[in-house]
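Listed here are the chains, written in short residue letters.
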Amino acid sequence: MGQTLFQKIWDAHVVQARDDGLALLYVDRHYFHEGSFHAFNMLKARGLAVRRPDLTFGFGDHYAPTVGRSTPEVKDPEIRGIIETFEENARANRIRAFELADPDQGIVHVAGPEQGLTLPGMTVVCGDSHTSTHGALGALAFGIGASEVAHVLATQTIWQSPPKQIRCSFDGELPAGSTSKDMALALIAHIGTGGGLGGAIEFAGTAVRALSVEARLTLCNMAIEAGARTGMVAPDAVTAAWLAGRPYAPAQRDPAWDRLFSDPDARFDSEVTLDAANIRPMATWGTSPEEAVPLSGRVPRAEEAPDEARQKAWARSLDYMGLRGGEAMADVALDRVFLGSCTNARIEDLRDAAAVLRGRRIAVPMLVSPGSSRVKRAAEAEGLDRIFKEAGARWEESSCALCVSMHGETVGEGERCASTSNRNFAGRQGRGARTHLVSPASAAASAVAGRLVSAL
Amino acid sequence: MEPFTQLTAVAAPLDMANVDTDQIMPARFMRRPRDARYVDYGFHDQRFTPEGAKRPDFILNRPPFDKAGILVAGRNFGVGSSREAAVYALLAMGFRCVVAESFGDIFFSNSLKNGLLPVRLPESVVAGLRQAVAAAPGTTLSVDLQAQILTAPDGSTHPFTVPGFARDCLLRGLDEIGLTLTLESEITAFEARRANAA
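Predicted model only: the values in this text are computed from it and were never measured.

**Describing the overall build of chain A**
- Helix and strand content of chain A: 14 helices and 19 strands.
- A globule of 456 residues ought to have a C-alpha radius of gyration of about 23 Å, and chain A, at 21 Å, matches this closely.
- For the C-alpha atoms alone, the extent of chain A along its principal axes is close to 55 × 55 × 40 Å.
- Looking at the 456 residues of chain A, the share that counts as buried comes to 66%.
- Here chain A has roughly 15,100 Å² of accessible surface; of this, 50% comes from carbon and sulfur atoms.
- Computed over 48 positive and 55 negative side-chain charges, the separation of the two mean positions in chain A equals 2 Å.

**Focus: the overall build of chain B**
- Each helix and strand in chain B was counted, giving nine helices and seven strands.
- By principal-axis analysis of the C-alpha atoms, chain B measures approximately 65 × 45 × 25 Å.
- Residue burial in chain B is summarised as follows: out of 198 residues, 57% are buried.
- Counted over contacts in chain B with a minimum sequence separation of 6, partners at least 24 positions apart contribute 65%.
- For chain B, the computed accessible surface area is about 7,900 Å², with 54% contributed by carbon and sulfur atoms.
- In chain B, 20 positive and 22 negative side-chain charges are present, and the distance between their average locations comes to 4 Å.

**What to know about the packing of aromatic side chains**
- Scanning the entire structure with this criterion turns up 18 aromatic pairs over all chains.
- The interplanar angle of 5° and the centroid separation of 4.5 Å between the aromatic rings of F29 of chain B and Y41 of chain B together place this pair among those described as stacked. Of this pair, F29 of chain B sits in the loop between α1 (21-24) and α2 (38-41) while Y41 of chain B sits in helix α2; the two residues are 12 residues apart in sequence, bridging distant segments of the chain. Per residue, the accessibility class of F29 of chain B equals that of Y41 of chain B, and both read buried.
- The structure contains a cluster of three or more aromatic residues connected by ring pairs, namely F29, Y38, Y41 and Y88 of chain B.
- The positively charged end of R96 of chain A is found above the aromatic ring belonging to F98 of chain A, 3.9 Å away from the centroid.
- A cation over an aromatic ring shows up here: R120 of chain B above the ring of F108 of chain B, its NZ or CZ 4.1 Å from the ring centre.

**Concerning the UniProt feature "domain: Aconitase A/isopropylmalate dehydratase small subunit swivel" (unreviewed entry) in chain B**
- Those residues carrying the UniProt feature "domain: Aconitase A/isopropylmalate dehydratase small subunit swivel" (unreviewed entry) are residues 1-123 of chain B in this numbering.
- For residues 1-123 of chain B, helix accounts for 24% and strand for 15%, while the C-alpha atoms at its two ends are 30 Å apart.

**Quick notes on the interface of chain A and chain B**
- At the junction of the two partners, chain A supplies 58 residues and chain B supplies 54 residues.
- Carbon and sulfur atoms supply 52% of the area buried between chain A and chain B, which totals about 4,400 Å² over both sides.
- At the junction of chain A with chain B, the criterion picks out 12 salt bridges.
- The salt bridge involving D175 of chain B is made with R46 of chain A; its shortest N-O contact spans 2.3 Å.
- Taken together, chain A and chain B are joined by 26 residue pairs in polar contact (both at pLDDT 80 or more).
- Here the element with the most residues in the side of chain A that touches chain B is helix α5 (residues 146-155) of chain A; it accounts for seven residues.
- Residues of the side of chain A that touches chain B, tallied by class, amount to 23 nonpolar, 16 polar and 19 charged.

**Quick word on the sheet that holds strand β10 (residues 199-204) of chain A**
Residues and elements named next belong to chain A.
- Sheet architecture is open: four strands sit in the order β11-β10-β9-β12, paired in parallel fashion. Only two strands of the sheet have a single neighbouring strand rather than two, namely β11 (230-232) and β12 (270-275). The sheet shows a mean angle of 20° between the axes of neighbouring strands, taken without regard to direction.
- Here six bridges tie strand β9 (residues 164-171) to β10, and the two strands are oriented parallel to one another. Note that in β10 the partner of R167 across the bridge is E202.

**Some points on the side chain of Q23 of chain B**
- With respect to the element layout, Q23 of chain B can be found in helix α1.
- Among all residues touching Q23 of chain B, those that are not within four sequence positions of it are A426 of chain A together with M16, N18, F43, H44 and Q46 of chain B.

**What to know about the side chain of E34 of chain A**
All names here are of chain A.
- Residue position: E34 is located in the loop between β3 (29-32) and α2 (37-46).
- Buried and unpaired, E34 has no salt bridge, with R69 as the nearest side chain of opposite charge at 8.5 Å.
- A polar contact of 3.1 Å, which involves the side chain of E34, links it to the backbone nitrogen of H62.
- Within the structure, the side chain of E34 is placed 2.8 Å from the backbone nitrogen of Y63, a separation counted as a polar contact.

**Section: the sheet that holds strand β3 (residues 97-100) of chain B**
All names here are of chain B.
- Taken together, the seven strands give an open sheet; going across it, the order is β4-β3-β2-β1-β5-β6-β7, and neighbouring strands pair in mixed fashion. If you trace the sheet from one side to the other, it starts and ends with β4 (117-120) and β7 (157-159), each paired once. Direction aside, neighbouring strands of the sheet carry axes that sit 25° apart on average.
- Where helix α6 (residues 123-135) meets the sheet, it contacts β1 (6-13), β2 (70-72), β3, β5 (140-144), β6 (149-151) and β7, and its direction lies at approximately 80° from that of β1.

**Remarks on the packing of helix α6 (residues 180-191) of chain A against helix α8 (residues 213-221) of chain A**
Residue and element names in this part refer to chain A.
- One can describe the packing of α6 onto α8 by two numbers: an axis separation of 8 Å at closest approach and a directional angle of 25°. Compared by their axis directions, α6 and α8 come out roughly parallel. The chirality of how α6 crosses α8 is right-handed. Across from S180, K181, M183 and A184 in α6, the residues of α8 making contact are A215, T218 and L219.

**Digging into helix α12 (residues 373-382) of chain A**
Residue and element names in this part refer to chain A.
- Every buried residue of α12 is listed here: S373, V375, K376 and A379. Down the axis of α12, the sector holding all buried residues measures 155°, keeping them to one side.
- Close packing links the buried residues of α12 with α4 (108-114), α11 (347-357), α13 (384-391) and β17 (394-395).
- One or two residues past the end of α12 sits G383, with phi positive at roughly 85°.

**A short note on the pairing of β3 of chain B**
All names here are of chain B.
- Alternating residues of β3 divide into C97 and V99 and V98 and A100, and every residue in both groups is buried.
- With three bridges connecting them, β2 and β3 associate as parallel partners. The partner of I70 across the bridge, within β3, is C97.
- As a crossover connection, the stretch from β2 through helix α4 (residues 85-92) into β3 is right-handed.
- Here β3 pairs with β4 via four bridges, running parallel. Each bridged residue has a counterpart across the sheet, and for A100 the counterpart in β4 is R120.

Reading the values: the criteria
Sequence order sets the numbering: in each chain, residues are counted from 1 along the sequence as written. Throughout, the order in which chains and ligands are written sets their labels, letters from A for the former and numbers from 1 for the latter. Note on the predicted model: pLDDT of at least 70 is required for a residue's local features to be given, and 80 or more for side-chain atom pairs to be given and counted; whole-chain, interface and lining totals, by contrast, use all residues. As a rule here, side-chain values cover all heavy atoms of the structure and leave hydrogens and water aside. Strands are runs of DSSP state E lasting at least 2 residues, helices are runs of H or I lasting at least 4, and numbering of each runs from the N terminus. Radius of gyration here is computed from C-alpha atoms only, and the compact-globule reference equals 2.2 Å multiplied by the residue count raised to the power 0.38. Only protein chains enter the accessibility calculation, which uses a 1.4 Å probe. A residue is then buried if its area is under 20% of the maximum for its type, exposed if over 50%, and partly exposed in between. Working definition of accessibility: Shrake-Rupley area with a 1.4 Å probe, residue cover restricted to the visible protein chains. The positive count covers Lys and Arg only, the negative count covers Asp and Glu only, and His and the chain ends enter neither. To locate a charge, take NZ of a lysine, CZ of an arginine, CG of an aspartate or CD of a glutamate. Whether two residues are in contact is decided by their heavy atoms, any of which lying within 4.5 Å being enough. Each Phe, Tyr or Trp ring (for Trp, its six-membered ring) is paired with any other whose centre lies within 6.5 Å, and the angle between the two planes then decides the class: stacked below 30 degrees, edge-to-face above 60, tilted in between. Either the NZ atom of lysine or the CZ atom of arginine qualifies as a charge over a ring when it sits within 6 Å of the ring centre and within 35 degrees of the ring normal. UniProt positions are given in the numbering used here, feature names are shortened, and annotations may be inferred rather than shown by experiment. Note on terms: buried area is the combined drop in 1.4 Å-probe accessible area of two parts once they are placed together, counting the loss on both. Salt bridge, as used here: a side-chain nitrogen of Lys or Arg that lies within 4 Å of a carboxyl oxygen of Asp or Glu. N or O atoms closer than or at 3.5 Å make up a polar contact, with two conditions inside protein: a donor-capable atom paired with an acceptor-capable one, and, for residues adjacent in sequence, both atoms drawn from side chains. For this classification, the nonpolar set comprises Ala, Val, Leu, Ile, Met, Phe, Trp, Tyr, Cys and Pro, the charged set comprises Asp, Glu, Lys and Arg, and every other residue, Gly included, is treated as polar. Two strands form a pair only when DSSP identifies at least two bridges running between them. Axis definition: a line fit to C-alpha positions, over the contact stretch in the case of helices; interaxial angles, taken between N-to-C directions, run 0 to 180 degrees. Should an angle fall under 35 degrees it is called roughly parallel, over 145 degrees roughly antiparallel, and 65 to 115 degrees roughly perpendicular, with every other angle called oblique. Crossing handedness: left-handed means the near helix sits turned counterclockwise from the far one by under a right angle, and right-handed means the same turn made clockwise. As used here, the arc is the angular range of directions from the helix axis to the C-beta atoms. By convention, orient the strands away from the viewer: a clockwise path from the first strand over the helix to the second makes the crossover right-handed.

What follows is the structure in structure tokens.
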């Protein structure tokens, strides 16, 4: 029987296998960020060294301010302390860290791939759940907790039990105006946030093959929101072309990449297929990523929920979101818009949004935070910054920013924000903040309208 | 890590699905060191008003549930962010065990590594336990990790499974780093094989 892409990468990294299926996997690439300080503390407490600083890379992103690139000038002492600790830990352990002032700083899941640090066939871990993003390059990539970060720092390995193999196929052609963000939201609305629980999703099908690498990164980024440990896409010519010339990528494409695909007779534990032609621009209305509908639709009523548990959940979500249920999505008025995050802040995302904003003015405040400092420079070279600024948006520095609101700015209590990020959880963008997840083009259109609309 | 063998404790019902780790541990507290203040971070925005007053209507604020050691939750407990601080907050609140139909993957793993036992049971059993402990506040549940059995208030027993390696570590209070370091020669051999193949 053939093997899945996942199994091929897994098998190539087993240091030791136990009878119960648990395997000690070797880690090719270990990323960390400012929030990983607990793990460095654990290491210090045990007197252990970082085993492979050369395979470890730090990115300052979670606490990075959107204004200013100088650590000593960060105003909040607690935030400044976190950033200083990150930089000290990297220095003390001789780890290359892309610090706040580094011209290549960026969100780890944007800047890591951008640097060519994530390559097909690699195992990649990071103390951040959106590490699944890197699977878009044909890597086996997953998020881990602080104890596991300490374990990887000390041993360059991680214990894992094999996940369920799930193949998610998007057949047909994605309509113009729909994006891979809409594919992700449509999938999660279909299978639920528990739909991928304990699983590894391989994204396949003609509509996935047709996506750019950046769009694939968005899709795999959201795999965790379906509950999956990871998402991945088999590498192809598009992947190789995207990687060519990146600082840490090999000069020549590795012939081993050609074997990284699921064999035709490979067996998956479950399969789900969606028709890409039916996917419209989507938005969430509730406090779980599965609570999503097309922007052309309306907010559901709690009594329309398919079961009693979800009826309760929907009622709670509607209450938190300040919605009655039944209103048209296009009638939901916004207070602000956020364009950024590891989900949707790459150059193609900024181009999508700028194309909608060109020559128009926004009706509600909008923050644009590019995914990396490189993306910011590339956008400025193309003149995208002028389009955003002329439309009335704030054009600022790269940071996780309002996706996780750790950098010192939050969405206010009761404020409603259309956001290109990945989580609409209660309180995610700030206590009492109301988040609607959308694509970059929809975020731009919504900023102009002051309501939740698509660019169509 | 403190060993986990058996636990009999008051159980609190939390009848909510998809409780994410942002709710368990709001992001704004994560810049703080792991200290005594963690006891207030757990479920903070549901336990406290914006002014800092305790919300008496939130179940985990109500006696005897405010002293519970076991949380009987809903499906997909601990989804979302990988923040291990969510586990630290639950431990600080006094929980040593969470019972649910399913858990977020990373949360499940983080719990096992910190001595917070995640017990997966069928939906109907979990719903029954939630009802039982809600109907008679102060009711205790018993969990035996060696036998992998949870005993309900009515005396009924429910088997659960915890992955073998993690269970051994929990029972003995060992952490994985120490065990993996004993495999140093295997790791070095793997690195050598890889270097030769390249």
